[in-house]
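Letter by letter, the chains look like this.
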Amino acid sequence: MKLPCLILFAAGVLLCIQTSAQIKIATTPPMGWNSYNCFGSAVHEDEVKANTDYMAQYLKPYGWQYIVVDFLWSYDNPPGSNIGNPFQKRLEDGSYIPWLTMDKWGRLTPQPNKFPSALGGNGFKPLADYVHARGLKFGIHVMRGIPRQAVWAKSPVKGINGVTANMIADTNSKCPWMNHMYGLDMKKPGAQEYLNSLLVLYASWGVDFIKVDDLSRPYSAAEVEGYKKAIDQCGRPIVLSLSPGETPLNQAAHVTQYANMWRMADDFWDNWKEVLHMFDYAKSWEGVGGRGHWPDCDMIQIGKLSKRGPVGVERYSRFTEDELYTHMTFWSIYRSPLMLGGNLPENRELELKLFTNDEVLAANQTGENPRQLYKKDGAMVWYSHVQGSKDLYVALFNVGDDLKSISVDFASLGLKGKIKVRNLWKKQDLGQYKANYQQSINAHGAALFRLSPDIK
């Protein structure tokens, strides 16, 4: 869908000046932090601010910028609560408990006990202002559709007279793992207006990123389009992230048109088998990612996890050090969005080292057309092109359970002559090589290089 531009006539030339709604967003994979993996449904405002302060001080110089509050911010988790998905129950009059914080237009708002600055109808604006003041961007998680409690209350839909929530809900469309919402029947008058009103509200708060859940499995094409249309009319550039996967491969053309990032798989956690599965998901989406639209490997499971759920006990990532490097290396070479899942203030030297290597992050932000070269006998190689040069980023992975020597043949990459090899994790030039390069890599480990032809 082409958006209007401002037409000017100057010096005999017609000029088309982009309006703010046309500004391309997510031109590189978004980089940030999400509260889910360390706080589940129960993150509080002071914890969001602490992660914001950490990112601003330590990570912002390396390109990290989004602070995202994940699900159930309208639910009143008391301090210390680690409840995951509190199902709503119905009372005799048909109303729901727990009752989520909601305005008169049927739009969920932040729970003031968790987000005190939201008191008085402020919504997330004070918290977004805090994030923006530190040079970062603010995001939220939302569930697809419209609250069931708004349907029961017959909340009016803002922006269209005579339409109430019960008139636009698809009561047969339900999330199987959290029963707070109905889907929207996008054919009904008022359905798009409801989404428009949501995005206008989020824009007024200063939201820069929305993660819409229960949208990709099953794939809700009409609602995906509805959220994109709502973003386009809200007057603010907002990244649209779809969750969770598996997003169907047969929807690749649609999802690249309407979303900025989308999950390839279900929730990813710190388990080596899930890393192996992610390699396969990524291969199936190979060649689809690009400027403004990115297949998403899910959040980075590094650092202090599950402080209040949602999976397992509080812990630092269960990945070995070799697996941590593989995790970060693959997300980088593949150009997945990079959303940190651990509680940043509890990062140790290892986590900080993994998140602040500018040469590794450059592969994620500037590499072009990542491809798998081969995967066989416990070895795997991926590569991408370095923008503006004939250099290549090349990642070697030992996906087996024993030490292995892994090699890459230069001719298979289209490289000739002497090739300079630089180890990006170690920031060391290793010398020039002919024909191939090989290195011994620990079980479940990885290495990342930049290969530079000797061009004279």
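Before reading further, recall that the structure is shown in the block above.
Residues numbered from 1 in each chain as written. Predicted model: local features only at pLDDT ≥ 70, side-chain atom pairs only at ≥ 80, totals over all residues. Heavy atoms only, no water.

### Overview of the packing of aromatic side chains
Taken as a whole and judged by the stated rule, the model has 25 aromatic pairs. Consider the rings of Y36 and W269, whose centres lie 6.4 Å apart with planes at 55°: the pair is tilted. Placement of Y36 in helix 1 (residues 36-39) and of W269 in the loop between strand 13 (261-263) and helix 8 (272-284) is noted, with a sequence separation of 233 residues between them. An identical accessibility class is assigned to Y36 and W269; each is buried. Measuring from ring centre to ring centre gives 4.9 Å for F279 and F330, while their planes differ by 65°; the resulting arrangement is edge-to-face. One end of the pair, F279, is in helix 8; the other, F330, is in helix 9 (residues 321-333), with 51 residues separating them in the sequence. What makes F330 buried here is its relative accessible area of 0%. Members of the aromatic cluster, each reached through a chain of ring pairs, are F268, F279, F319, F330, W331, Y334, W382 and F397. Looking at R134, its charged tip hangs above the ring of Y130, at a distance of 3.5 Å from the centre. Above the face of the Y374 ring, K376 is positioned so that its terminal group lies 5.4 Å from the ring centre. (Phe/Tyr/Trp six-rings, centres within 6.5 Å; stacked < 30°, edge-to-face > 60°. Helix = DSSP H or I, 4+ residues; strand = E, 2+ residues; numbered from the N terminus. Buried < 20%, exposed > 50% of the residue type's maximum accessible area, 1.4 Å probe, protein only. Lys NZ or Arg CZ within 6 Å of the ring centre and 35° of its normal.)

### Describing empty space enclosed by the protein
Considering all chains together, one arrives at two cavities of 30 Å³ or more under this definition. When contributions to the lining of the largest cavity are tallied by element, the ones reaching two or more residues are strand 7 (137-143) and helix 5 (191-205). Of the residues in the lining of the largest cavity, the class split is 14 nonpolar, five polar and one charged. The calculated volume of the second largest cavity comes to roughly 110 Å³. Around the second largest cavity, the lining is made up of 13 residues, and of these K211, S241, M261, D296 and M299 lie nearest the centre. (1 Å grid on protein atoms, 1.4 Å probe; cavity = no way out; pocket = protein on both sides within 12 Å on 5 of 7 lines; lining within 4 Å. Points joined across faces, edges and corners; volume = space filled by probe spheres on them. Nonpolar A, V, L, I, M, F, W, Y, C, P; charged D, E, K, R; others polar.)

### Details of the nonpolar core
W64, I140, I146, L199, I210, M328 and F330 are the most contacted members of the largest nonpolar core, which totals 123 residues. Of the residues forming this core, the biggest block, nine residues, is contributed by helix 5. With near-sequence residues (within four places) excluded, L199 lies in contact with I210, Y227, A230, I231, Q233, C234 and I238. Of all hydrophobic cores here, the second largest spans 19 residues; its members include Y374, V381, Y383 and I419. (Core = buried A, V, L, I, M, F, W, Y, C linked by side-chain atoms within 4.5 Å. Contact = heavy atoms within 4.5 Å.)

### Details of the sheet that holds strand 10 (residues 181-184)
Here three strands make up an open sheet; going across it, the order is 8-10-9 and the pairing antiparallel. Pairing within the sheet leaves two strands with one partner each, and these edge strands are strand 8 (146-147) and strand 9 (169-174). With three bridges joining them, strand 9 and strand 10 adopt antiparallel strand pairing. Residue A169 lies in a different strand from strand 10, and its bridge partner there is L184. (Pairing = 2+ DSSP bridges.)

### Observations regarding unusual backbone geometry
Here the residue pair R217 and P218 is connected by a cis peptide bond, since its omega of 0° sits within 30 degrees of zero. By the element assignment, P218 lies in the loop between strand 11 (209-213) and helix 6 (221-233). With omega at 10°, the peptide bond leading from G245 into E246 counts as cis. Within the secondary structure, E246 sits in the loop between strand 12 (239-242) and helix 7 (252-258). A positive phi is found at K154, a non-glycine position, where the angle reads about 50°. Tracing the backbone shows K154 in the loop between helix 4 (148-153) and strand 9.

### Points about the sheet that holds strand 22 (residues 419-423)
Pairing within the open sheet is antiparallel, and its six strands lie in the order 18-19-20-25-22-23. The open sheet terminates on both sides in strands that have one partner only, identified here as strand 18 (367-376) and strand 23 (428-433). When strand polarity is set aside, the average angle formed by the axes of neighbouring strands in this sheet is 25°. Pairing geometry for strand 19 (residues 379-386) and strand 20 (residues 392-398), over seven bridges, is antiparallel. In the sheet register, V381 faces strand 20, and the bridge partner there is L396. Together, strand 18, strand 19, strand 20 and strand 25 (446-453) form the strand contacts of helix 9, whose direction differs from that of strand 20 by roughly 145°. Of the strands in this sheet, strand 18, strand 19, strand 20, strand 22 and strand 25 are in contact with helix 11 (residues 358-366), which crosses strand 18 at around 105°. (Axes fitted to C-alpha atoms, helices over the stretch in contact; angles between N-to-C directions.)

### Re the environment of N364
With respect to the helices and strands, N364 occurs in helix 11. Relative accessible area serves as the criterion here: at 0%, N364 is assigned to the buried category. Distance from N364 to W331, taken between C-alpha atoms, is 7.5 Å for residues 33 residues apart in sequence. Not counting the four nearest positions on each side in its chain, N364 is found in contact with P29, M31, W331, S332, R335, S336 and L338.

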